[in-house]
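Per-entry structural report
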Amino acid sequence: EITVSPVIFEQNKPISIGTFADVTDRIRAEKELEESDAWFRSIVENSFEGIGLIDDNFTFIYANEKMAYLFGYSVKEIVGTDYREFFAPESKELVTDRYIRRKRGEKVPSRYELLVQKKNGQKVPAEISASTFRDKEGIPRVLVQLIDITERRNAEKDIRKLSLAVHQNSNLIVITDINGKVEY
């Protein structure tokens, strides 16, 4: 990097003063930062989880495509909107309480289940993971990760039905592994 500045000395004779600086390290660091940013953006954008960033006013400042899919909205509709608008009425109080307490630095569970309310009104069971951090200006932000647990809930329901059927059956039921070892 070269910087040249004109200077006028006594007797009004102009001259130039130049400085030279090796910026190789700075250019290398900028390139590494760009690559790192692209790498992390790719991870977030291709995650199977909905990922969002919420500011200190309950507002989404970022959401990936999976988050948009889970809510049934576009990313543009989500960003700038109060995040509580995307949860079913019976989950809003819990989400709000945890958000406020988390921002105050209180210990609250980072993972819990709740109901999402999609754009079409459908309520979907979901698991949320939330954590607080401060950005480079020291402003608190909440990182939210969300997954649809409908399939898990359906599987749990099927297991309960089968378990009930086994326990209520008056016949002897034996379950073995492939080698004949009794498991139940």
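For the structure, see preceding data.
Remember, it's a predicted structure, so these values are computed and weren't measured experimentally.

What counts and how
Residues numbered from 1 in each chain as written. Predicted model: local features only at pLDDT ≥ 70, side-chain atom pairs only at ≥ 80, totals over all residues. Heavy atoms only, no water. Patch = residues over 30% accessible without salt bridge, like charges linked within 9 Å, V, L, I, M, F, W, Y side chains within 5 Å. Areas by Shrake-Rupley, 256 points an atom, 1.4 Å probe, with all protein chains shown as cover. Salt bridge = Lys/Arg side-chain N within 4 Å of Asp/Glu carboxyl O. Lys, Arg positive; Asp, Glu negative; His and termini not counted. Charge placed at Lys NZ, Arg CZ, Asp CG, Glu CD. Helix = DSSP H or I, 4+ residues; strand = E, 2+ residues; numbered from the N terminus. Buried < 20%, exposed > 50% of the residue type's maximum accessible area, 1.4 Å probe, protein only.

A cluster of like negative charges, contributed by Glu 32, Glu 34, Glu 35 and Asp 37, occupies part of the molecular surface. Examined against the element boundaries, Asp 37 turns out to sit in helix H1 (residues 24-45).

To continue, consider the pattern of salt bridges. In this structure the tally under the stated criterion is 11 salt bridges. We note a salt bridge from Glu 106 to Arg 101, for which the minimum N-O separation is 3.0 Å. Glu 106 gets classed as partly exposed once you look at its relative accessible area, which sits at 34%. With its nearest N and O atoms 2.5 Å apart, the salt bridge here joins Glu 113 to Arg 153. You can see Glu 113 sitting in strand E5 (residues 111-117) and its partner Arg 153 sitting in helix H5 (residues 150-168), a full 40 residues away along the chain. Salt bridges sharing partners connect three or more residues here, namely Arg 111, Glu 113, Glu 127, Arg 152 and Arg 153.

Counting through the fold element by element, Lys 181 comes out in the segment after H5. A relative accessible area of 57% places Lys 181 in the exposed class.

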